[in-house]
Amino acid sequence: MALAHELHRTPRINSANNPVWMDALRILLGLFLFIKGLLFLEHTTDVFYIFSSSQDVLSAGKAHFLTSMVHIVGGLMIAFGMLTRLALLCQIPILIGALLIVNPQQGGISLGNAELVLSLTVTALLLFFMVKGPGRYSIDNKVLRQRQPGEEQAD
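The paragraphs below set out a description of the structure included in this document.

Cut-offs used in this document
Residues numbered from 1 in each chain as written. Predicted model: local features only at pLDDT ≥ 70, side-chain atom pairs only at ≥ 80, totals over all residues. Heavy atoms only, no water. Helix = DSSP H or I, 4+ residues; strand = E, 2+ residues; numbered from the N terminus. Buried < 20%, exposed > 50% of the residue type's maximum accessible area, 1.4 Å probe, protein only. Areas by Shrake-Rupley, 256 points an atom, 1.4 Å probe, with all protein chains shown as cover. Salt bridge = Lys/Arg side-chain N within 4 Å of Asp/Glu carboxyl O.

Another aspect to go through is the overall build of the protein. Summing up its helical and strand segments, the protein has seven helices and zero strands in all. The helix and strand sequence of the protein, counted from the amino end, reads α-α-α-α-α-α-α. Burial analysis of the protein (155 residues in total) assigns 35% to the buried set. Here the protein has roughly 9,800 Å² of accessible surface; of this, 71% comes from carbon and sulfur atoms.

See the structure below:
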């Protein structure tokens, strides 16, 4: 009877079992997005020009501010691992816009376009962490995840 009980009780697999290098990569991704958001605020005229070439002037100013704030707040949330999947989900439309609208205007679609390669890499990392989760060293895992009775802490 005890053997049958053990067979039905499988250990839960969650992002707390991810290797530490994944946590470091998530933190670096979050810090990169945070810095990119600050750079958007610093280079307001350049970003405004890019947005205004494909949109009307009123929505271009709003898009610039929204993009900056989503990158800044979302980047910090990703770096700390707080509501990570929600923060990743908010970043995806911005990066898809960068891939489809901004990067082809800037340098064309080629492997020589460093911004395009960077946008593809960041988009791939966002999708990767959407699937794998925030990891062991995150606020999601330490605070928000409810522990099952009898589950040991893996610290």
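Moving on, we get to the pattern of salt bridges. For the structure on display, the rule yields one salt bridge. In this structure, R26 and D23 form a salt bridge, with 3.8 Å as the shortest nitrogen-oxygen distance. You can see R26 and its partner D23 sitting in helix α2 (residues 20–42), three residues apart, about one turn around the helix. Like R26, the residue D23 is buried in the burial classification.

Keep in mind these values describe shape, not function.
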